[in-house]
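Reading the structure
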Amino acid sequence: MKTHNMITQQNVVQPNYDISEREISFDVYISADQQVCILGTVDNNYISWCSITTIDDIEENAAIFNFVSIQPISTVSSMYKVLGANYKEVSEWHRLHIEKRQYNNQNYYYSPATPIYFKDSKSFAHEIKRFYTQEKLKCDYRLLDNTYIVLLEKYKHLLHKDHPDPQYYIEMKPVIHILEDESYIKLCTDSEVRKLYADCMDGARILYNRYMNDAH
């Protein structure tokens with residue numbers, strides 16, 4: 001199983017604080033063409049696992065969960081360091097976050113897709129597929145006609161305003177929240193629509209950074 005992990009001696013990093021007691025969560029990035037990047041996430045800085053499969057690799061995705069969830073944290077890296085040139089592309093895929101939670105005084109993994117609490121590996125693999133299916137349907141219904149694409153164009157124009165005041169970010173927060181809630185658009189099979197959505201989110205990031213720089 002270890003050979004599936006893209007963390008190698010070439011991209012491993014030495015954490016600068018103790019992470020041995022951290023609980024592993026899973027960030028699952030899914031592309032429009034059903035590729036899956038599974039991360040075993042230690043915290044905001046480090047990952048202990050990174051692999052690329054597809055949503056139909058049920059046995060393999062289950063085995064990855066089984067392996068990562070019971071292994072003590074040993075070698076770690078960052079998503080950026082492991083994926084290198086592919087980092088930007090994968091980070092813009094649609095994300096499912098699965099984390100440990102208490103339920104009936106026991107530790108389970110929680111998936112917001114169904115939603116369910118689970119411990120078994122097959123549930124993990126099937127949740128990835130369910131999440132993709134549900135979110136792709138949302139995407140399809142959202143794009144039944146051109147109305148939403150016209151709206152995205154308007155959002156893009158608003159978010160890429162020329163020379164905005166740093167406080168303009170506050171004005172745009174409702175638009176940004178709408179876009180964040182509709183991140184299933186990342187699963188659209190039309191690359192132009194995905195690019196339009198990504199352009200909107202880039203505008204949101206630029207406004208946020210300008211606002212934060214001004215605050216400091």
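Our structure's up above, just so we're on the same page.
This report concerns the structure included in the present document. Just so you know, these numbers come straight off a predicted model, no measurement behind them.

1. What about the sheet that holds strand S2 (residues 35-41)?
Taken in spatial order, the six strands line up as S3-S2-S1-S4-S5-S6 in an open sheet, and their pairing is antiparallel. Every interior strand has two partners, whereas the edge strands, strand S3 (47-54) and strand S6 (116-118), have only one. Taken over all neighbouring pairs, the strand axes of this sheet differ in orientation by 25° on average, direction set aside. As judged from the seven bridges shared by S2 and S3, these two strands associate in the antiparallel manner. Paired with Ile38 across the two strands is Ser51, which belongs to S3. Contacts from helix H1 (residues 58-70) reach strand S1 (25-30), S2, S3, strand S5 (106-111) and S6 within the one sheet, and its direction differs from that of S3 by about 175°.

2. Observations concerning the packing of helix H5 (residues 147-159) against helix H6 (residues 168-181)
Helices that pack against each other are described as a pair by the angle of their axes relative to one another and the distance between those axes. At a minimum axis separation of 11 Å, H5 and H6 run at an interaxial angle of 155°. Looking at the two axes, H5 sits roughly antiparallel to H6. As for the relative orientation of H5 and H6, their crossing is left-handed in sense. Contacts from Tyr148, Leu152, Tyr155, Leu158 and Leu159 of H5 reach H6 at Tyr168, Met172, Val175, Ile176, Ile178 and Leu179. A class-by-class count of the residues in the contact of H5 with H6 yields eleven nonpolar, no polar and no charged.

3. Side note on the state of the cysteines
By the definition in use, this model includes zero disulfides. No disulfide involves Cys37; its sulfur sits 3.9 Å from the nearest other cysteine sulfur, which is in Cys50. Free cysteine: Cys200, not disulfide-bonded; nearest cysteine sulfur from Cys188 at 13 Å. For Cys200, a relative accessible area of 0% translates into the label buried.

4. Quick look at the nonpolar core
Formed by 27 residues in total, the largest nonpolar core has its most connected members in Phe26, Val28, Ile30, Ile38, Phe124 and Ile128. Elements supplying a minimum of two residues to this core: S1, S2, H1, strand S4 (94-103) and helix H4 (121-142). Sequence-distant contacts of Phe124, defined by excluding residues within four places in its chain, comprise Phe26, Val28, Ile38, Asn61, Phe65, Ile98 and Phe118. Counting 22 residues, the second-largest nonpolar core is a separate cluster that includes Tyr155, Tyr168, Cys188 and Cys200.

5. A few points about the pattern of salt bridges
Scanning the entire structure with this criterion turns up 14 salt bridges. Here Arg95 ties to Asp27 by a salt bridge, and the two come within 2.5 Å at their closest N and O atoms. Of this pair, Arg95 sits in strand S4 while Asp27 sits in strand S1; the two residues are 68 residues apart in sequence, bridging distant segments of the chain. With a relative accessible area of 42%, Arg95 lands in the partly exposed category. For Arg130, the salt bridge is made with Glu127, and the minimal N-O distance between the two is 2.5 Å. Residue Arg130 and its partner Glu127 are both found in helix H4; the two are separated by three residues, about one turn of the helix.

Reading guide: rules and limits
Residues numbered from 1 in each chain as written. Predicted model: local features only at pLDDT ≥ 70, side-chain atom pairs only at ≥ 80, totals over all residues. Heavy atoms only, no water. Pairing = 2+ DSSP bridges. Helix = DSSP H or I, 4+ residues; strand = E, 2+ residues; numbered from the N terminus. Axes fitted to C-alpha atoms, helices over the stretch in contact; angles between N-to-C directions. Contact = heavy atoms within 4.5 Å. Parallel < 35°, antiparallel > 145°, perpendicular 65-115°, else oblique. Left-handed = near helix turned anticlockwise from the far one by under 90°. Nonpolar A, V, L, I, M, F, W, Y, C, P; charged D, E, K, R; others polar. Disulfide = S-S within 2.5 Å. Buried < 20%, exposed > 50% of the residue type's maximum accessible area, 1.4 Å probe, protein only. Core = buried A, V, L, I, M, F, W, Y, C linked by side-chain atoms within 4.5 Å. Salt bridge = Lys/Arg side-chain N within 4 Å of Asp/Glu carboxyl O.

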